[in-house]
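Tertiary structure, described
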Amino acid sequence: MVLKVQIISLVVSFCYGIFFYLLLELNSRFLYSSNIMIKVICSFLFVMFHTLLYFLILMRINYGYIHFYFFLCIILGYILCKVVYKKIVKKV
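Treat the numbers as computed from the prediction; the structure is a model and nothing was measured.

Notes on the overall build of the protein
- In terms of helices and strands, the protein carries 3 helices and 0 strands.
- In the protein, the succession of helices and strands from N to C terminus is α-α-α.
- For the C-alpha atoms alone, the extent of the protein along its principal axes is close to 45 × 35 × 15 Å.
- Here the protein holds 92 residues, and 20% of them are scored as buried.
- The contacts of the protein with a sequence gap of at least 6 include a subset with a gap of at least 24, amounting to 74%.

Written out as structure tokens, the structure reads:
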């Protein structure tokens with residue numbers, strides 16, 4: 001894979017981790033305020049949507065090649081957003 005494509009994939013994976021965290025915070029409101037059937041359906045649809053979306057994004061960028069370090073970038077983006085979000089919420 002060309003270096004430019006790898007760098008774009010890493011940046012997109014990092015941004016996807018941030019996007020995933022923000023939508024997970026929004027989804028958690030549904031999970032803690034609903035009955036059990038809505039919780040199961042929301043969780044299943046949430047996971048399926050994000051898996052498909054990430055794979056479709058990778059299909060557009062690098063023809064669907066998935067590497068271990070892409071997942072590391074997603075986790076890094078998720079953790080960074082979580083830390084920043086918690087610090088902002090503490091101040092407010």
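Points about the side chain of His 50
- Examined against the element boundaries, His 50 turns out to sit in helix α2 (residues 36-62).
- Overall, His 50 belongs to the buried group, its relative accessible area being 4%.
- Beyond its immediate stretch of four places on either side in the chain, His 50 contacts Tyr 16, Phe 19, Phe 20 and Leu 23.

Here we look at the nonpolar core
- By size, the foremost hydrophobic cluster in this structure holds 5 residues: Tyr 16, Tyr 54, Leu 58, Phe 70 and Ile 74.
- For this core, the elements supplying multiple residues, two or more each, are α2 and α3 (68-91).
- Excluding residues within four positions of it along the chain, Ile 74 makes contact with Ser 13, Tyr 16, Gly 17 and Tyr 54.

Calculation rules
- Residues numbered from 1 in each chain as written.
- Predicted model: local features only at pLDDT ≥ 70, side-chain atom pairs only at ≥ 80, totals over all residues.
- Heavy atoms only, no water.
- Helix = DSSP H or I, 4+ residues; strand = E, 2+ residues; numbered from the N terminus.
- Buried < 20%, exposed > 50% of the residue type's maximum accessible area, 1.4 Å probe, protein only.
- Contact = heavy atoms within 4.5 Å.
- Core = buried A, V, L, I, M, F, W, Y, C linked by side-chain atoms within 4.5 Å.

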